[in-house]
Amino acid sequence: MQRFVRRLLIWATACSLWGVGLTASSVSAAAATEPAVTHATATDNGLARTPPMGFNNWNAFGCDVSEELIEQTADYFVTSGLKAAGYAYVNIDDCWMTHTRDDQGRLVPDPAKFPDGIKGTADYVHSKGLKLGIYESAGTATCAGYPGSLGHETTDAQSFADWGVDYLKYDNCNNQSDGSQADYIRRYTTMRDALGATGRPIILSICEWGSSQPWQWGPGVGSLWRTTGDISDNWPSVRSIIAANAKLYPYAGPDQWNDPDMLEVGNGGMTATEYRTHMSMWAMMAAPLIIGTDLRKASAETLGILTDKDVIAIDQDPLGVQGKVVSDDHGLMVLDKPLSNGEHAIALYNSTDTLTTVSVPAHATGLRRSAAYRLQDAWTKDVTQTRSVIEAAVPAHGTVVYKVRPMSDPHRVAPSVNATGEVPTLVPGPSTAGTLVTTATNRGVGAVRDVRVRVTGPAGWKVSTSTTGRRPALGTDASLTTTWKVQVPDGASAGSYSLHVAASYKWGSGHTAATSSDVIAQVVTAPADGRRYLSTINSASSTNGLGPVEADQSNGPVDVGDGNLITVAGRVYDRGLGTSSDSEIRYYLGGKCSRLTTDVGIDDEDTSGTSATFTIRTDATTAASATLAPGASAQTLAADLTGAQWLVLTTASATADATAHADWASPVLTCGDASPTDPIQPTEHTLFSFESGTDGFTIANADNGGTVEQSSAFHTDGEHGLLVHAPTGGNWFGVQLDNPADLTGVDSIKFDVKAGTTGTSAEIAVQAGDSSSWCQAGLWTWVNPGSSRTITRRIDQISCPAGVSLDDSPITAVWVFLNSGGDHVVDNIRTE
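The following refers to the structure shown. (Residues numbered from 1 in each chain as written. Predicted model: local features only at pLDDT ≥ 70, side-chain atom pairs only at ≥ 80, totals over all residues. Heavy atoms only, no water.)

Examining the state of the cysteines
Joining two cysteines, a disulfide is a covalent bond between their sulfur atoms. All chains considered together, the criterion is met by four disulfides. One disulfide in the model links Cys143 with Cys173; its S-S distance is 1.8 Å. A torsion of 85 degrees about the S-S bond marks the disulfide between Cys143 and Cys173 as right-handed. Linking Cys143 in the loop between strand S3 (131-137) and helix H7 (153-163) with Cys173 in the loop between strand S4 (167-171) and helix H8 (181-198), this pair joins segments that are 30 residues apart in sequence. Residue classification places Cys173 among the buried positions, given a relative accessible area of 0%. A disulfide bridge connects Cys593 with Cys671, and the sulfur atoms are separated by 2.0 Å. On the sign convention where negative means left-handed, the S-S torsion of about 85 degrees between Cys593 and Cys671 marks this disulfide as right-handed. Residue Cys593 is located in strand S32 (residues 593-602), and its partner Cys671 is located in strand S37 (residues 661-671); the two are separated by 78 residues in the primary sequence. By relative accessible area, which is 1% here, Cys671 ends up buried. (Disulfide = S-S within 2.5 Å. Helix = DSSP H or I, 4+ residues; strand = E, 2+ residues; numbered from the N terminus. Buried < 20%, exposed > 50% of the residue type's maximum accessible area, 1.4 Å probe, protein only.)

Describing the packing of helix H10 (residues 235-245) against helix H11 (residues 272-284)
Taken N-terminus to C-terminus, the directions of H10 and H11 make an angle of 20 degrees; their axes are 11 Å apart at the nearest point. Considering the angle they form, H10 stands roughly parallel to H11. Crossing hand, H10 versus H11: left-handed. Residues Trp235, Val238, Ile241 and Ile242 of H10 form the contact with H11, whose participating residues are Glu274, Thr277, His278, Met281 and Trp282. Its residues placed into classes, the contact of H10 with H11 shows six nonpolar, two polar and one charged. (Axes fitted to C-alpha atoms, helices over the stretch in contact; angles between N-to-C directions. Parallel < 35°, antiparallel > 145°, perpendicular 65-115°, else oblique. Left-handed = near helix turned anticlockwise from the far one by under 90°. Contact = heavy atoms within 4.5 Å. Nonpolar A, V, L, I, M, F, W, Y, C, P; charged D, E, K, R; others polar.)

Description of the nonpolar core
Formed by 101 residues in total, the largest nonpolar core has its most connected members in Tyr87, Trp96, Phe160, Met279 and Trp282. Among the elements that make up this core, the one with the highest residue count is H11 (six residues). The contacts of Trp96, once residues within four sequence positions are left out, are Val65, Leu107, Pro109, Asp110, Phe114, Ile118, Ile134, Tyr135, Phe160 and Trp163. Ala741, Ala755, Ile791 and Ile829 belong to the second largest nonpolar core, which has 33 residues in total. (Core = buried A, V, L, I, M, F, W, Y, C linked by side-chain atoms within 4.5 Å.)

Below you can see the structure in the form of structure tokens.
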């Protein structure tokens, strides 16, 4: 098993999982001190006059890279039209080599993965008219624990050149750095010089996660540099990266590109709207377009997004300008990117959760003043005209990109008309109708006539209006507002539903046109009977003083998932709601619930020093309240909810302009005929809590090192956890079970971890079946230095060998992976 486990160790994390990427606040601070424009001397080798386009295997395959995969991807570039669209680089990421160098100190390609070596693979890729990229790290080891290039730059650069490599992604794991910017510059400059000495043109892609502000020193060292931590295939990740990278526009230009990481388009974690935003904003930010999905399985929709010629042309425009942030307010951002043909690409980006009108006066952009402007939608190709306002009804998480230029004959083109709407949370039933307000606005030159607005709801819904949805004419910048009554049928399930708002109109000499948008209505229903953690129940609405309300962790600074485990006066909770005052969370109860109990307190991570008042309201009545100061022990609140239609939780700071990190810890809602002794849903079963010692935990791979011991420094169940002394390259820590565990009915496996001063990546694996087959998710989670979180993997995320299914196989061993060379504590390994 030891050899097999060593092979599994290659699934270690990449890039930012070993470093702390920029937060939006740090980038904002950096942007505040930026020069207006700073096109520093670039590498200027002509290899990246426009942002590189290509493929990298990591996002979709991790360490499961091979010669076969790279060659099949190269073939697909040619047959799918990706090569014709401009994609040129087929890049190999981590885990391509053996764990040791040869006798001459050279890197050795894994002969099982690359039987023809990297040179053979490069020759094949080159035969297709494409280029090959490879991966290494500016440290003693790569992120997956393979030999790094630190101290071997000359040898490794020559190997890359001899093999025919065209592109080097140079990571930052195990960097032995003192943290100074000078060290980063030294390490990456050494590799730049080594590559240059080979005489082969090789792009250097700096991947140090934005740790030392590489946009300040990267020009002249590399052709591109990562500005943030690793991307993930989810909306919060993309949103946070856009917020960080967009502000760095002064530093980009030919041969010097800000790199917000690879494209996740097609990997399945986001909607088509979100993927189009991903592609749109990368193009507007003149970012490298490096595909990170399995192209052999790509859908027509995925290929359509990746190969849209107008969006790619914006990214690849030879003027080489990253879009400037024109406005950025309450989740709405406008970017302006001048193009070489005199047009401007204008992006209207909506990061909020509702359909919103995003607009900008044309004179606020870099466009010259004109009596009118021509708008061509980069995605739909529709052409309209506007007098002075560039505007669109942009869906939640969506982006509209226009190519804009002044025009002298606007009456030949359809006016820009937008239809939008707003609707509150809806409740099923005849007595709980909601109100939808729609607005149709004409931004074009000249009036539009016979304007008619219609709304279509889902099957069974009733939508009616007592006001007019029609107007004989709308002049420039005039609007038609209509109020609609929306009734959701009894029995409708909770969830999101689309209301289609369409506006038709006439313009010019009898032309007809139409525009539409979808308003997303949120339908809520009363919770199911039983006792449940409130953090597992969807709220009807929430507002928060800083970032979103967090489920089962404290409130982090920006996005979902950036908090720690809730901790009040040293007590750690793995269930709860993390908020920042002032906040409000609303839940629909429908008169079905009877009681809420919860601990409340100021999180130990709070730095405001202010008290906060926690209030539980039922409809318009205060059911319970408490005011707590920082450092105070948590206080338990209990509220009678009998007959209440709505439950509202609020926090308010005691000091003006202060934002306290206020936690609702272990909140339990009781509904229906549930009794106080009923189990709390979702039910959990603890496998290991380390109360009696190390529970037999050991290391999987003796060659990699690492030890364990019981510790009281961190615990979420009982009074002890497991202190893990992790090796730099990582190891699996776990135990063979004396009695196999049955996972029938189990949805997920979890454990809690608190990282040491180095931070760590965390993962779960089990052995299953009669042959104890190794089953692993391969979804590595970075845990920042000093932070804590729950690591969760659904059963359907864990991959087993053919013939083994976790749904019906006994579990014979449980393992967790930790690395980075630090001391970390885990506790409460459990199923749910």
